[in-house]
Amino acid sequence: MKTLLILTGHTKGLGHAILDQFLSLEGIQVVALSRSSLEIAHSNLTEIALDLSDLNGLEANLPKFFPKVQVDRYILINNAGWIGEVKPVGKLNPKGIQRVMNLNLLAPMILTDAFVKAYGQQKGQKIICNISSGAAHKPLPGWGEYCSSKAGLAMFSKVANEELKSLGFRVFSLAPGIVDTEMQSEIRQADVQNFPALDRFVGYKRDGRLTLPEEVAAKIFYLISHPEHFEEVVQDVRDF
Ligand SMILES: NC(=O)c1ccc[n+]([C@@H]2O[C@H](COP(=O)([O-])OP(=O)(O)OC[C@H]3O[C@@H](n4cnc5c(N)ncnc54)[C@H](OP(=O)(O)O)[C@@H]3O)[C@@H](O)[C@H]2O)c1
């Protein structure tokens with residue numbers, strides 16, 4: 001099956017594991033976007049270095065991300081994300097608020113819209129998987145920016161799924177669980193004054209309760225390979 005995958009945040013953590021999973025497929029073509037590049041020589045991979053929180057840069061470069069190809073499956077995975085400033089409301093910075101909303105919410109919305117414009121009329125499967133978080137649905141003091149950005153992305157995914165059904169798209173908002181990546185390490189460096197749940201997150205790592213990115217990537221691969229098994233837009237890898 002010929003597949004095109006457009007993936008953000010492919011250089012580290014979960015995104016890197018997703019990239020590895022898909023690159024092993026026959027007939028795959030990947031366009032991958034992050035600020036840095038892996039610079040691995042792979043004939044099926046095109047890496048584009050871009051700061052997705054710079055929305056002007058994103059808009060100017062949009063045409064590069066969507067090659068004009070005819071394949072059996074078109075996939076967009078909006079995975080790049082940032083925890084934001086781990087601080088309570090009243091201690092935030094306007095620039096930090098903008099950066100996390102741009103990266104976690106507005107860039108995925110812009111990429112989703114452009115993906116639909118590029119491939120909406122194509123035959124074949126069309127899947128959009130927005131990497132969300134349990135924090136989209138549960139308030140956590142210190143994570144005002146992050147929770148809001150992921151809640152917005154979850155709602156956008158639900159609206160998009162309703163609108164795009166008739167064009168043959170499936171849209172998912174997928175929580176990956178608690179994954180052993182740099183993002184978790186950044187969370188553990190927060191100040192307990194700003195993040196009361198710090199001890200719990202330190203404990204996840206200490207007690208070996210973090211999931212490996214490879215395990216989560218395998219579940220994402222399963223969901224994308226069997227969308228017919230998943231009725232709801234909002235999914236959590238801990239449920240399957
Ligand atoms: N880890 C968890 O426990 C957890 C839990 C729930 C949800 N999530 C979500 O899962 C996704 C992946 O997280 P992760 O834990 O794998 O994070 P990570 O290890 O910090 O990796 C983040 C990826 O996003 C890219 N990225 C970050 N800022 C970017 C920017 N401004 N422009 C372009 N690319 C950018 C990074 O590459 P560069 O540095 O090269 O740009 C990297 O490839 C995120 O959406 C996160 O919110 C993670």
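Residues numbered from 1 in each chain as written. Predicted model: local features only at pLDDT ≥ 70, side-chain atom pairs only at ≥ 80, totals over all residues. Heavy atoms only, no water.

(A) Broad picture of the site of the ligand. Around the ligand sit 30 residues in total, of which Lys12, Ser36, Asn79, Tyr146 and Thr181 are the nearest. Contacts to the ligand include Tyr146, whose side-chain N or O atom sits 2.6 Å from an oxygen atom. Here an oxygen atom of the ligand sits 2.8 Å away from a polar atom, N or O, in the main chain of Val179. Across the complex, the protein chains shield 95% of the 890 Å² of accessible surface that the ligand would expose by itself. Among the detected pockets, the ligand sits in the largest pocket. Of all the elements, helix 5 (residues 182-188) adds the most residues to the shell around the ligand, at 3 residues. Split by residue class, the shell around the ligand holds 11 nonpolar, 14 polar and 5 charged. (Near = heavy atom within 4 Å. Polar contact = N/O pair within 3.5 Å; in protein donor to acceptor, adjacent residues only side chain to side chain. Areas by Shrake-Rupley, 256 points an atom, 1.4 Å probe, with all protein chains shown as cover. 1 Å grid on protein atoms, 1.4 Å probe; cavity = no way out; pocket = protein on both sides within 12 Å on 5 of 7 lines; lining within 4 Å. Sits in = over half its atoms within 2 Å of the grid points. Helix = DSSP H or I, 4+ residues; strand = E, 2+ residues; numbered from the N terminus. Nonpolar A, V, L, I, M, F, W, Y, C, P; charged D, E, K, R; others polar.)

(B) The arrangement of the nonpolar core in detail. Among the nonpolar cores identified, the biggest contains 45 residues, and Leu52, Phe65, Phe66, Leu111, Phe115, Trp143 and Phe195 are the most heavily contacted of them. Looking at this core, the elements with two or more residues in it are strand 1 (3-8), strand 2 (28-34), strand 4 (73-78), helix 3 (94-119), helix 4 (144-164), strand 6 (169-175) and helix 6 (198-206). Tallying contributions element by element places helix 3 first for this core, with 8 residues. When near neighbours in sequence (up to four residues on either side) are disregarded, Phe66 contacts Ile6, Leu111, Ala114, Phe115, Ala118 and Tyr119. The next biggest cluster of nonpolar side chains, apart from the first, holds 28 residues, and it includes Phe22, Ile75, Val216 and Phe221. (Core = buried A, V, L, I, M, F, W, Y, C linked by side-chain atoms within 4.5 Å. Buried < 20%, exposed > 50% of the residue type's maximum accessible area, 1.4 Å probe, protein only. Contact = heavy atoms within 4.5 Å.)

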